[in-house]
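Report on the structure
What follows is the residue order along each chain.
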Amino acid sequence: MSIDTTTTSPGPAGTGGGAHALDRLLNPRTVAVVGISETSKFGSGIRRSLPSDTEFCFVHPKAKEVFGHRVFPDLRAIGRPVDAVFSAVGAERTVDVVEQAAEIGAGGVITIAGGFAETGRHGAELQQRMVEAARAVGMPVVGPNGVGVINVARRLDLTMLAPFERRAGGLSAVTHSGAMIEAMASAAWRAGGVGLNLLVSAGNEAVTDLADYLDHFAADPATRVVALALEKIRRPDAFFAAAHRCLAAGKPIVALKLGRSERAQRMAASHTGTLTGDTWVYDVAFAQAGIQTATDIDDLVDRVQFLEQLPRERWSPVRGLAVLTVTGGFAQLASDLAEVEKVDVPEVTRLRPFIEENVPGGTVPNPLDATTFVGGVDGLWEKIVREYADAPEFDALLFASQHADWDRGRSDLADRFADVAEGAAAKPFVVAPLAGVGGGWLDDYRARGVAVGNGLRGCLRGLHTMAAVVRTRPDARVRSASDVPALPRPRAATIEVPEGRMLPFDATMTLLEDAGIPVAPWHLVEADGLVAPPFDGPYVVKLADVAHRTELGAVRVGVAAEDLPEAVRELRALAAACGVPHRIAVQPLLAGHGEAFVGINGSGELGPVVAFGLGGVFVEVMRRVAGRMAPMSEADATELVAEFDDIGVIDGFRGAPAWDRRALNATLVAASRLAAGGRDWIESIDINPLIVGPAGVTAVDGLCLVRDCGD
């Protein structure tokens, strides 16, 4: 087939191919295939793509004809731009292909070759040549070191993968590890399952990265849900801005973070040329951005299944799930698993008289063991389903039975469940196998607006994620730290400590105070004598400029005014013996009914992050911390503090007063603005303890480590 020379001209330049440029590449009308012959091991996907409505031409140095198509010696010989170039040649020749594609105005290049930055210096040099050629004209490049792109709706397999089964639908996915594409499709190819739209293997992301793909998905009308299997976010600000655009467009994102263990991080570095970061920070950032998370491929597909299958008007916050079964054991199992997966299955005791009247022996309304009795009474099953569908306590219904292929002759209960669903309010109705593989006939229910789940646990995971998506604040996002004006580093000379370079005590406390964080009064005692502090005792007396005073025994608590000189002498002697700075800080002993700590990590992979936890014995025993990226909003701070509600401390513990949440939120927001403003020089800050008392919250100590200091 000849190539139409009237196809569109190249798209505008961007940082790595923006959403507009990517539309040409990922949804092409013309494709040039480089390096594929009829005997090529990578030719099966191209052969499968030929019946599509896309025009193909082939570039090969030896073949005269490929799959009945004319062959050109190189891209220049085609004589016109093409939308996409699929390159199946080695690394050196791939760079030549990208340079020629840029020269002829191609919409972009899909590369599958390895041998680039992941292999060392020479590979990195090749990759840099590729980057320079593509970015000079704003041309996107998928890969290298990936497996390609599949456009399911267009039936285009521009990939090195062997053909596999898939159904067209609304899920678009990007992975760093190419094999994850095949794994997702395998998990999605079951009864009900998940329909696929675009599958992209990002590889090394030499030119085009996750942020660019998310930008495209946000504008792509065929994308309804997004899945990511990622190792590293290279441009955090751009990524989270694009993620916010997806969510604002009503397109949820579910992400699987790879490289969670130290060993996996080393493997990731060798596999794709990326280096992973602190997994905890990724979890924090995803939660703040409204991105849902998964733990493996099957889990990811379970979590997106109902978001893809059901129209948005049937999405539910799942504040009450009704579980209907015809077997007692699985009714009990559903109750157990719902608790594990954090899905609310309320008993709704007001339905007990209805159940006792209609289901002999039935006592627990939810999960309901309807027993096979319902099959022997005309209209009883529909009556039960309608009663539960109309109950305001339930905003989702699940019918679990085996639903296997051998059940096709006994599926009337599922059919009648679907009948009720078609006339019910906009609530999700779900049918699911109790375990194992569901019958192929279940696919029919998707067309009737009934979701088909993957076993009890898979269903509950899907419902939990749907609920999380619906409950997510519309304004949820990770803002760029650069949204906050940069703060100058304090001019005080730093102190060398084992952890790095530390600001002096007074500079740190002033920094916190200037940021809007309430701090306790302090008084410094220099070497030339003791000056009475301008506040009453009892006092806390400590070596001021020491990173870890407790380990040195450098803190005296509850010191009376008359004992202050002796405490100062003891600490000076200790400083001399240990070779540490001798300045002494005196503060009033503050009474409170709780302690918290606030920490700042200013050098994280995704940007500055603020950590929060309970202080005192709770942090020692529970070892629990939560966080948000900086800067955070008031709503972010409220949600952060609420993560500790289950402990009961913040609302008062054993008769203690409740904490002042408003003051705590204000301190967290102030700390986050400090973290963002000091992004260029703050390494870390510990505010510990943060005393919670009648007057709100007060920081009594702080440790600030800085980087890139020019004293």
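Summary of the structure given here. A quick note: this is a predicted structure, and the numbers were derived from the prediction, not measured.

A few words now on unusual backbone geometry. The linkage connecting Gly143 with the following residue, Pro144, adopts the cis geometry, with an omega of 0°. Note that Pro144 resides in the loop between strand S7 (141-142) and strand S8 (148-151). Omega for the bond connecting Gly537 with Pro538 falls within 30 degrees of zero, at 0°, which places this linkage in the cis form. By the element assignment, Pro538 lies in the loop between strand S22 (523-525) and strand S23 (539-543). The residue Glu205 is not glycine, and still its phi comes out positive at about 55°.

Now for the sheet that holds S7. In space, the seven strands of this open sheet follow the order S3-S4-S2-S1-S5-S6-S7, with mixed pairing throughout. Of all the strands in the sheet, the pair left with one neighbour each is strand S3 (65-66) and S7. With two bridges joining them, strand S6 (residues 109-111) and S7 adopt parallel strand pairing. Following the sheet pairing, Ile110 is matched in S7 by Val142.

Grouped together as the largest cluster of nonpolar side chains are 54 residues, with contacts concentrated most on Leu214, Leu228, Phe239 and Phe240. Residues contacting Phe240, with those up to four places away along its chain left out, are Ile233, Ala285, Phe286, Ala289, Ile291, Val478 and Leu606. One finds Ile150, Val152, Ala227 and Ile297 within the second-largest nonpolar core, a separate group that totals 53 residues.

Note that Arg167 resides in the loop between strand S9 (156-159) and strand S10 (168-175). Engagement of the side chain of Arg167 in a polar contact is seen with the backbone oxygen of Gly192, the distance being 3.4 Å. Excluding residues within four positions of it along the chain, Arg167 makes contact with Val152, Ala188, Trp189, Arg190, Gly192, Gly193, Val194, Gly195, Leu196, Asp443 and Arg446.

Between helix H13 (residues 380-390) and helix H14 (residues 412-423), the least distance of the axes is 10 Å, while the angle of their chain directions is 45°. Between H13 and H14, the angle falls in the class oblique. In the crossing of H13 with H14, the sense of the turn from one axis to the other is right-handed. Within the contact between the two elements, H13 uses Trp381, Glu382, Val385 and Arg386 and H14 uses Leu413, Arg416, Phe417 and Val420. Of the residues that constitute the contact of H13 with H14, the class distribution is five nonpolar, no polar and three charged.

Right, let's talk about the pattern of salt bridges for a bit. Counted by the stated rule, this structure contains 44 salt bridges. In this structure, Arg501 and Glu496 form a salt bridge, with 3.5 Å as the shortest nitrogen-oxygen distance. Because the salt bridges share partners, they merge into one network encompassing Asp299, Arg303, Glu341, Arg457 and Arg461.

Before going further, it helps to examine helix H22 (residues 661-677). With 17 residues, H22 extends 24 Å from end C-alpha to end C-alpha; this agrees with the ideal 24 Å at 1.5 Å per step. Buried residues dominate H22, accounting for 12 of its 17 residues. Along H22, the residues that are buried comprise Leu664, Asn665, Thr667, Leu668, Val669, Ala670, Ala671, Ser672, Leu674, Ala675, Ala676 and Gly677. Two to three positions downstream of the cap, the backbone nitrogen of Arg662 sits 3.2 Å from a side-chain oxygen, assigning the N-cap of H22 to Asp660.

Another aspect to go through is the side chain of Asp220. Within the fold, Asp220 resides in the loop between helix H6 (210-219) and strand S12 (225-230). Lys251 provides the closest opposite charge to the buried, unpaired Asp220, separated from it by 5.9 Å. Looking at Asp220, its side chain comes within polar contact range of the side chain of Asn197, at 2.9 Å. Apart from residues lying up to four places away in sequence, Asp220 is in contact with Ser172, Asn197, Leu198 and Lys251.

As a further point, take the packing of aromatic side chains. For the coordinates displayed, the defined rule picks out 11 aromatic pairs. For the pair Phe58 and Phe67, a centre-to-centre distance of 5.9 Å together with 70° between the ring planes defines the contact as edge-to-face. The pair Phe58 / Phe67 is uniform in exposure class, with both members buried. Ring geometry for Phe612 against Phe644: centres 5.3 Å apart, planes inclined by 90°, an arrangement best described as edge-to-face. In this pair, Phe612 sits in strand S27 (residues 609-614) while Phe644 sits in the loop between helix H21 (634-642) and H22, placing the two residues 32 residues apart along the sequence. Given the relative accessible area of 0%, Phe612 is considered buried. By the ring-pair criterion, three or more aromatic residues cluster together here, those being Trp381, Phe399, Phe417 and Phe429. Here the guanidinium or amino end of Arg166 rests over the ring plane of Phe164, the centre of that ring lying 4.6 Å away. For the cation-ring pair, Lys257 lies above Tyr282, with the distance from its terminal atom to the ring centre recorded as 4.7 Å.

We now examine the environment of Ser684. Inspection of the secondary structure assignment puts Ser684 in strand S29 (residues 682-693). The spacing of Ser684 and Arg457 is 227 residues in sequence and 41 Å in space, taken between C-alpha atoms. With residues up to four places along the chain from it excluded, the contact list for Ser684 reads Ile600, Gly602, Leu703, Cys704 and Leu705.

Okay, the pairing of S23 next. With five of five residues buried, S23 is to be regarded as a mostly interior element. Where S23 and strand S24 (residues 555-559) come together, four bridges link them in antiparallel fashion. Within S24, the position partnered with Val540 by the bridge is Val557. By the bridge criterion, five bridges tie S23 to strand S25 (residues 584-588) in an arrangement that is antiparallel. Within S25, the position partnered with Val541 by the bridge is Val586.

The rules behind the values
- Every chain begins its residue count from 1, and numbering advances along the sequence as written.
- Two thresholds apply to this predicted model, a pLDDT of at least 70 for residue-level local features and 80 or more for giving and counting side-chain atom pairs, whereas whole-chain, interface and lining totals are computed over all residues.
- Values reported for side chains reflect all heavy atoms of the structure, with hydrogen atoms and water molecules removed beforehand.
- Secondary structure follows DSSP: runs of H or I at least 4 residues long count as helices, runs of E at least 2 residues long count as strands, and numbering of each begins at the N terminus.
- When DSSP finds two or more bridges between two strands, those strands count as paired.
- We call a set of buried residues a nonpolar core when its members are Ala, Val, Leu, Ile, Met, Phe, Trp, Tyr or Cys and they connect through side-chain atoms within 4.5 Å of each other.
- Each residue's exposure class comes from its accessible area (1.4 Å probe, protein chains only) as a fraction of the maximum for that residue type: buried when under 20%, exposed when over 50%, partly exposed otherwise.
- We call two residues in contact when some of their heavy atoms are within 4.5 Å.
- In protein, a polar contact requires one atom able to donate a hydrogen and another able to accept it; more generally it is a pair of N or O atoms within 3.5 Å, and residues adjacent in sequence count only if both atoms are side-chain atoms.
- Lines fitted to the C-alpha atoms define the axes, with helices restricted to the stretch that makes contact. Angles between their N-to-C directions range from 0 to 180 degrees.
- For classification purposes, an angle smaller than 35 degrees is called roughly parallel, one larger than 145 roughly antiparallel, one from 65 to 115 roughly perpendicular, and anything else oblique.
- When the near helix sits turned anticlockwise from the far one by under a right angle, the crossing is termed left-handed; a clockwise turn instead gives a right-handed crossing.
- Gly is put with the polar residues, along with every residue not named as nonpolar or charged; the nonpolar set is Ala, Val, Leu, Ile, Met, Phe, Trp, Tyr, Cys and Pro, and the charged set is Asp, Glu, Lys and Arg.
- Basic side-chain nitrogens of Lys or Arg form a salt bridge, by our definition, when they fall within 4 Å of a carboxyl oxygen of Asp or Glu.
- An expected span of 1.5 Å times one less than the residue number is assigned to each helix.
- When charges are counted, neither His nor the chain ends are considered; positive counts come from Lys and Arg and negative counts from Asp and Glu.
- Side-chain rings of Phe, Tyr and Trp (the six-membered ring for Trp) are treated as a pair once their centres are within 6.5 Å; stacked means planes under 30 degrees apart, edge-to-face means over 60, and tilted covers the remaining angles.
- Criterion for a charge above a ring: Lys NZ or Arg CZ within 6 Å of the ring centre, and within 35 degrees of the ring normal.

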